[in-house]
Amino acid sequence: MAEAPLTTHRILLIVGGGIAAYKALELVRLLRKAGAEVRAVLTDGGAQFVTPLSLAALSGHPVHQALFSPDDETTMGHIELSRWADLVVVAPATAGLIAKAANGLADDLASTTLLATDKRVLMAPAMNVRMWQHPAVQANLARLRGFDGLHGVATVGPDDGEMACGEFGPGRMAEPVAILAAIRDLLAGDRPLAGRRAVVTAGPTFEPIDPVRGLTNRSSGKQGYAIAAALAAQGATVTLVSGPVGLDAPEGVHRVWVETAVEMKAAVDAALPCDIAVMSAAVADWRVDGVASGKIKKAPGGPPSLALIENPDILAGISAPGPRRPALVIGFAAETGDLVDNARAKLSRKGCDWIVGNDVSDDVFGADSNTVTLFLRDGTSQAWARQSKADVARALVDRIVAHFA
Ligand code: C5P
């Protein structure tokens, strides 16, 4: 199974001055690949080993170097930088940086940021073996680890082995994959849906008439994809059952392509059992009875008539009581009028727990924003101001997290 993505996670990487700084570049690459946003602080020492340009190119953001910089203070100063992050990673953490952090010394951007942050700090120490074994370094690390609560510093490595200086022993910085694993572990504490399974449907279905024609619904899939991404970012294991759309699968989400409603239902059934079902697809209510095996030709007698048969209602099916019913089933109601009445009626007819209602007369199809109202089983509802589909997804997933808390 794919690793949980780090999408929406922000990592502030402080690169200290040691030969291991070159491995920090690989760490940035791995973090970006996992979906994380990375900003880097480069110490003067670090800049002796890697260039700001390499770090900027890999992180996709300017690199922060100076404590007193007119540029940085107008864009992102040390306070803002330390607050922006979800996690601060120091790699390599030199003996000097460790000593400053342990004693609250703040005389450059790196040490000031470490003192200003209200987020967890992970250090990957790297130094000569004799320095590593010096009681001053060990005492400083013990002090850092022992700070209360969020201030307690986590460490990864160092590894044993041959060092750049030619000596053997502990002191080599942990490999970037090991640092990434430690980052995932620390962030896992923030992933309240870890261990929960979710199935999300998204996009339209396509019901063939003949090999070249079909019936479909309007749906870009953007809202459903954003929900799948937001669920995965909170640690859920997500199966995204998608009709034909032109979107990339969100990081860490298992996507299953389908075309018809019947295929969509089979894929949803195959994803059960799960805890959360979000049915946001625009499923065609009918399919053509007797799909023509060859292209239907225009004929002088006028247009052909199509016999339609009803498609299975996937949402109603998954909402039906039974051992495989997900603990929380959320449907969508796209309406062009009477949103409240229609959404409420749909909630009881389908048997789901919540309905996300949206007025689609309001330029929603394919747009990046959405205006929705959440209707709950207990008769209450919440109207949310128009916001991006990503924010709608995050708000919905916040509610889901609260539901399971
Ligand atoms: O009945 P209506 O299509 O308006 O209901 C919308 C809700 O039902 C959406 O959540 C949609 O994904 C779901 N649905 C379904 N299977 C169908 C029709 C709708 O899951 N055949």
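Residues numbered from 1 in each chain as written. Predicted model: local features only at pLDDT ≥ 70, side-chain atom pairs only at ≥ 80, totals over all residues. Heavy atoms only, no water.

> Would you mind going over the sheet that holds strand E3 (residues 87-93) in detail, with residue names and values included?
Strands sit in the order E2-E1-E3-E4-E5 across an open sheet of five strands; the sheet is parallel. Each edge of the open sheet carries a strand with a single partner, namely strand E2 (37-42) and strand E5 (154-155). (Pairing = 2+ DSSP bridges. Helix = DSSP H or I, 4+ residues; strand = E, 2+ residues; numbered from the N terminus.)

> Account for the pattern of salt bridges, naming residues and giving values.
Inspection of every chain in the model, using the stated rule, returns 16 salt bridges. The closest approach of N and O atoms between Lys119 and Asp118, which form a salt bridge, is 3.5 Å. Notably, a salt bridge pairs Lys350 with Asp313, separated by 2.6 Å at the nearest N-O pair. Within this pair, whereas Lys350 is found in helix H13 (residues 339-350), its partner Asp313 is found in the loop between strand E15 (308-310) and helix H12 (314-319), the two being separated by 37 residues in sequence. (Salt bridge = Lys/Arg side-chain N within 4 Å of Asp/Glu carboxyl O.)

> Quick rundown of the sheet that holds strand E19 (residues 372-376)? Include the residues and the values.
Strand order in the open sheet made by the eight strands is E12-E11-E8-E13-E16-E17-E19-E20, with mixed pairing throughout. Only two strands of the sheet have a single neighbouring strand rather than two, namely strand E12 (254-257) and strand E20 (381-383). Adjacent strand axes in the sheet meet at a mean angle of 15°, parallel and antiparallel pairs treated alike. Packing of helix H10 (residues 222-233) onto the sheet brings it into contact with strand E8 (197-202), strand E11 (237-242), E12, strand E13 (276-279) and strand E16 (328-335), and relative to E11 it is tilted by some 170°. Across the face of the sheet, helix H14 (residues 389-404) comes into contact with E13, E16, strand E17 (354-359), E19 and E20 while running at roughly 165° to E17. (Axes fitted to C-alpha atoms, helices over the stretch in contact; angles between N-to-C directions. Contact = heavy atoms within 4.5 Å.)

> Give a detailed account of the domain arrangement of the protein chain, specifying residues and quantitative values.
For the protein chain, the assigned domains read domain 1 (10-188) and domain 2 (197-404). Using only C-alpha atoms to locate each centre, domain 1 and domain 2 end up separated by 44 Å. (Domains from an automatic or database assignment.)

> Could you give me a rundown of the side chain of Thr260, with the residues and numbers involved?
Structurally, Thr260 is set in the loop between E12 and helix H11 (261-271). A polar atom in the side chain of Thr260 sits 3.1 Å from the backbone nitrogen of Glu263. Not counting residues up to four positions away in its chain, the partners in contact with Thr260 are Thr205, Phe206, Glu207 and Pro208. (Polar contact = N/O pair within 3.5 Å; in protein donor to acceptor, adjacent residues only side chain to side chain.)

> Please set out the layout of surface pockets residue by residue, giving values where relevant.
Of the volumes computed, that of the largest pocket is approximately 1000 Å³. Among the elements of the structure, E8, strand E10 (213-216), H10, E15, H12, E16 and H13 are those that each provide at least two residues to the lining of the largest pocket. The class makeup of the residues in the lining of the largest pocket is 20 nonpolar, 14 polar and nine charged. (1 Å grid on protein atoms, 1.4 Å probe; cavity = no way out; pocket = protein on both sides within 12 Å on 5 of 7 lines; lining within 4 Å. Points joined across faces, edges and corners; volume = space filled by probe spheres on them. Nonpolar A, V, L, I, M, F, W, Y, C, P; charged D, E, K, R; others polar.)

> So, the site of the ligand: which residues are in play, and what are the values?
Residues in contact with the ligand, as listed here, are Met279, Ala281, Val283, Asp285, Pro312, Asp313, Ile314, Leu315, Gly331, Phe332, Lys346 and Lys350. Interatomic distance of 2.8 Å between a backbone N/O atom of Leu315 and an oxygen atom of the ligand. The separation between an oxygen atom of the ligand and a polar side-chain atom of Lys350 is 2.9 Å. For the ligand, the cavity whose grid points lie within 2 Å of the majority of its atoms is the largest pocket. Taken together, the residues of the shell around the ligand sort by class into seven nonpolar, one polar and four charged. (Near = heavy atom within 4 Å. Sits in = over half its atoms within 2 Å of the grid points.)

> Explain the pairing of E11 to me, using residue names and the numbers behind them.
For E11, the tally of buried residues reaches five of six residues, placing the bulk of the element in the interior. Where E8 lies against E11, six bridges are found, and the strand directions are parallel. Counted as the bridge partner of Thr201 is Val241 from E11. The sheet contact formed by E11 and E12 spans four bridges and is parallel. By the bridge assignment for E12, Leu240 is matched with Arg255. (Buried < 20%, exposed > 50% of the residue type's maximum accessible area, 1.4 Å probe, protein only.)

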